[in-house]
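Architecture at a glance
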Amino acid sequence: MNSLRRMLDVLDLFRPDQPVIDVETICKELGYTSASAYRYLRELGDVGLLVRLSRGYALGPRIIALEHQMSAYDPVLVRGRDLVDKLVAETGLDALISEWYGDSVVTVLVQRGPDGGPAGGGRGRPIDLFHSATAKVVLAYLLPRQIRRIYDAHAFRPELQHLGLEWKQFSKSLLAIRKLGYCISESELHPGRSGLAAPIFDEKQRVLGSITLVGRSERFKAFQESFLCKLVVDAANELTARIAQQ
């Protein structure tokens, strides 16, 4: 299992600034031996997750096949599309469904309203659990030991130092989110844009991700906060109920 996880970690090396990787990249960024790097590249290539190019390896065609399968049949997406459409129709804001993945959330569905502008991290782009309502509402509903592990692993990274994440204050902020049942953020991913998110859960009440309304802060303020909160929380509760019934 550990070997499989190490191999799949290779896929996390692909970024907009790094669309192609090679053995040297794997060894430098993950600390693997050359023998392991060669083996993982070969095995990922054999199953279509990577394709070999002259300069190294890029993501393979099986990624696209899996993306199509998820878009068409993923239970969260299939059962949540009409809820997202309704949120957009009632507010004119953008609506997102995001799912928890490791130490981040990934937006899997974006429905744009007439408001325009960047929608969170964008579809398919991970957002760390310390930024945005979309991510923090998920973090707040993880188990205490999971929250502490994530805090210990990331809170003191240089790029997060501006947040001033002292554990006691940080844990209290997450408890406050749980008490409310939703999270509101402003200008955390993009200046002048606000988000409001509520958690979604599986049939065992384990957090899966979140539903978010996002848009220009000026447009947010045109609504009563309680109105927007009820819309998002109700949509999240309905999606949770649908997932439990599947």
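Further up the page is the structure itself.
Below or above, wherever it landed, is the structure these notes cover.

What counts and how
Residues numbered from 1 in each chain as written. Predicted model: local features only at pLDDT ≥ 70, side-chain atom pairs only at ≥ 80, totals over all residues. Heavy atoms only, no water. Salt bridge = Lys/Arg side-chain N within 4 Å of Asp/Glu carboxyl O. Helix = DSSP H or I, 4+ residues; strand = E, 2+ residues; numbered from the N terminus. Buried < 20%, exposed > 50% of the residue type's maximum accessible area, 1.4 Å probe, protein only. Core = buried A, V, L, I, M, F, W, Y, C linked by side-chain atoms within 4.5 Å. Contact = heavy atoms within 4.5 Å. Axes fitted to C-alpha atoms, helices over the stretch in contact; angles between N-to-C directions. Parallel < 35°, antiparallel > 145°, perpendicular 65-115°, else oblique. Left-handed = near helix turned anticlockwise from the far one by under 90°. Nonpolar A, V, L, I, M, F, W, Y, C, P; charged D, E, K, R; others polar. Pairing = 2+ DSSP bridges. Phe/Tyr/Trp six-rings, centres within 6.5 Å; stacked < 30°, edge-to-face > 60°.

**A short note on the pattern of salt bridges**
Inspection of the entire model under this criterion finds 13 salt bridges. The salt bridge involving Arg5 is made with Asp9; its shortest N-O contact spans 3.1 Å. Within this pair, Arg5 and its partner Asp9 are both found in helix α1 (residues 2-9), separated by 4 residues, close to a single helical turn. The shortest N-O distance in the salt bridge between Glu238 and Arg242 comes to 2.9 Å. Pair noted here: Glu238 and Arg242 are both in helix α10 (residues 225-245), with a separation of 4 residues, about one helical turn. Residue classification places Arg242 among the partly exposed residues on the basis of a relative accessible area of 21%. Taken together, the shared-partner salt bridges connect Arg15, Asp17 and Glu29 into one network.

**Concerning the nonpolar core**
Inside soluble globular proteins, nonpolar side chains tend to come together where they are buried. One finds Leu87, Ile97, Leu196, Ile200, Ile211, Leu213 and Leu239 to be the most contacted residues of the largest nonpolar core, which totals 26 residues. Elements that contribute at least two residues to this core include exactly α5 (75-91), β3 (94-101), β4 (104-111), β7 (193-201), β8 (207-216) and α10. With 8 residues, the single largest contributor to this core is α10. Ignoring sequence-local partners within four residues, the contact set of Ile97 consists of Val76, Gly80, Val84, Val106, Thr107, Val108, Leu109, Ile200, Ser210, Ile211 and Leu239. With 24 residues, the next largest nonpolar core counts Leu139, Leu142, Tyr151 and Cys183 among its residues.

**Comments concerning the packing of helix α2 (residues 23-30) against helix α3 (residues 34-46)**
Contact pair α2 / α3: the axes reach a minimum separation of 9 Å and the direction vectors enclose 120°. When the interaxial angle is binned, α2 and α3 end up oblique. Both α2 and α3 take part in a crossing whose hand is right-handed. Residues Val23, Ile26 and Cys27 of α2 touch α3, and the partners they reach there are Ser34, Ala37, Tyr38 and Leu41. Classifying every residue of the contact of α2 with α3 gives 6 nonpolar, 1 polar and no charged.

**Digging into the environment of Gly92**
With respect to the helices and strands, the residue Gly92 is situated in the loop between α5 and β3. With relative accessibility at 7%, the residue Gly92 sits in the buried group. Separated by 99 residues in sequence, Gly92 and Pro191 have C-alpha atoms that sit 19 Å apart.

**Description of the packing of α1 against α3**
Put simply, α1 and α3 touch, their axes get as near as 10 Å, and they point 80° apart. With respect to α3, the element α1 is oriented roughly perpendicular. On α3, the residues touching Ser3, Arg6 and Met7 of α1 are Ser36, Arg39, Tyr40, Glu43 and Leu44. A class-by-class count of the residues in the contact of α1 with α3 yields 3 nonpolar, 2 polar and 3 charged.

**Remarks on the sheet that holds β3**
What the 6 strands build is an open sheet, ordered β5-β4-β3-β8-β7-β6; its pairing is antiparallel. The open sheet has two edge strands with one neighbour each: β5 (126-128) and β6 (183-186). Shown here is a sheet whose adjacent strand axes are inclined to one another by a mean of 30°, direction ignored. As paired strands, β4 and β5 are joined by 3 bridges and run antiparallel to one another. Paired with Val105 across the strands is Ile127, a residue of β5.

**Considering unusual backbone geometry**
Phi angles above zero are rare outside glycine, and Ser132 is one such case at about 85°. Despite not being glycine, Ser187 has its phi angle at roughly 60°, a positive value.

**Some words on the packing of aromatic side chains**
Considering all chains together, one arrives at 7 aromatic pairs under this definition. Summarising the aromatic geometry, the rings of Trp167 and Phe170 are spaced 6.1 Å apart at their centres and angled 50° between planes, so their arrangement reads as tilted. Here Trp167 and its partner Phe170 are both found in helix α8 (residues 167-180), 3 residues apart, which amounts to about one turn of the helix. Judged by relative accessible area, which is 26%, Trp167 ranks as partly exposed.

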